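# Summary of the model geometry
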Amino acid sequence: MSYKIGQGFDAHQLIVSSKPFLLGGVSIDCNFTVEGHSDGDALIHSIVDAILGALNESDIGHHFPSSNPKYKNFSSSEFLLFTKDLLNKKKYSICNIDATIILQKPSISKYRDKIKNNLSKLLEIPVDQVSIKATTTDRLGFIGRGEGIAVLSNILIVEEKA
Ligand code: ZN
């Protein structure tokens, strides 16, 4: 069986706003949000890049250029569904995803199950194949100062049996 591994990274600036702050398609309750061209869902963006990397299909900026006005305020869930379709067309399925959200505050622990459930629903994989971890930078750097968020994702995919 042919396995492939993929890695994704995304970072965004956080700004004070009443616009929803989305992670994995789940709205996080706080008084700031992400500065981004689409809806700025850094978790979904990093997972999309991990899938594209595993498929050797370039990156999210190639498929959804921020220069295209079509993607302004675009739902990142749509990016994920497009990428899932590409994965299925190439006859691969997801073994597991492991993502780390790096954010000083708020704590996302109470949202973890909701995020896992939403991603498992969008990707049509069992929830126990989606791991979401969270950490801070101990107040160091731009993330520690609350100026931004970063997310790292890894994925393993396997070629479906003919
Ligand atoms: Zn992004």
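The model shown is predicted, which means the values in this text are computed figures rather than measured ones.

In this section: the packing of helix α1 (residues 42–54) against helix α4 (residues 112–123). Remark: α1 packs on α4, axes separated minimally by 13 Å, with the N-to-C direction vectors making an angle of 40°. By the criterion of interaxial angle, the relationship of α1 to α4 is oblique. Crossing handedness for the pair α1 and α4: right-handed. Residues Leu43, Ile44, Ile47 and Ile51 of α1 lie in contact with α4, whose contacting residues are Ile115, Leu119 and Leu123.

All right, on to the coordination of the zinc ion then. Taken together, the protein ligands of the zinc ion are Asp10 (OD), His12 (NE2) and His45 (ND1), with distances of 2.0 to 2.1 Å. Along the chain, the residues that donate to the zinc ion are spaced as D-x1-H-x32-H. With a gap of 35 residues between them, Asp10 in strand β1 (residues 3–16) and His45 in helix α1 connect regions that are remote in the sequence. When sorted by exposure, Asp10 lands in the same class as His45, which is buried.

Right, let's get into the packing of α1 against helix α3 (residues 76–89). Two elements in contact, α1 and α3, have axes whose closest approach is 9 Å; the angle formed by their N-to-C orientations is 15°. In this view, α1 runs roughly parallel relative to α3, as classed from their interaxial angle. Considering how the two elements wind past one another, α1 and α3 form a crossing that is left-handed. Between α1, through Ile44, His45, Ile47, Val48, Ile51 and Leu52, and α3, the contact on the second element is made entirely by Ser76, Ser77, Phe79, Leu80, Thr83, Leu86 and Leu87. When the residues that make up the contact of α1 with α3 are grouped by side-chain class, the tally is nine nonpolar, four polar and no charged.

Moving on to the packing of aromatic side chains. Within the structure shown, the criterion is met by seven aromatic pairs. Members of the aromatic cluster, each reached through a chain of ring pairs, are Phe64, Tyr71, Phe74, Phe79 and Phe82.

Relative to the helices and strands, Gln129 resides in the loop between α4 and β6 (130–135). At a separation of 3.0 Å, a polar atom in the side chain of Gln129 contacts the main-chain carbonyl oxygen of Ile94. If sequence neighbours within four positions are ignored, Gln129 has contacts with Ile94, Cys95, Asn96 and Ile97.

Along its 13 residues, α1 runs 18 Å from first to last C-alpha, staying within 8% of the 18 Å computed at 1.5 Å per residue. In terms of residue burial, α1 counts as a mostly covered element, since twelve of its 13 residues are buried. Among all positions of α1, only Ala42, Leu43, Ile44, His45, Ser46, Ile47, Val48, Asp49, Ala50, Ile51, Leu52 and Ala54 are buried. Backbone geometry just after α1 places Asn56 at a positive phi near 55°.

Reading the values: the criteria
- Residues numbered from 1 in each chain as written.
- Predicted model: local features only at pLDDT ≥ 70, side-chain atom pairs only at ≥ 80, totals over all residues.
- Heavy atoms only, no water.
- Axes fitted to C-alpha atoms, helices over the stretch in contact; angles between N-to-C directions.
- Helix = DSSP H or I, 4+ residues; strand = E, 2+ residues; numbered from the N terminus.
- Parallel < 35°, antiparallel > 145°, perpendicular 65-115°, else oblique.
- Left-handed = near helix turned anticlockwise from the far one by under 90°.
- Contact = heavy atoms within 4.5 Å.
- Donors = N, O, S within 2.8 Å, 3.2 Å for Na, K, Ca; no water.
- Buried < 20%, exposed > 50% of the residue type's maximum accessible area, 1.4 Å probe, protein only.
- Nonpolar A, V, L, I, M, F, W, Y, C, P; charged D, E, K, R; others polar.
- Phe/Tyr/Trp six-rings, centres within 6.5 Å; stacked < 30°, edge-to-face > 60°.
- Polar contact = N/O pair within 3.5 Å; in protein donor to acceptor, adjacent residues only side chain to side chain.
- Expected span 1.5 Å × (residues − 1).

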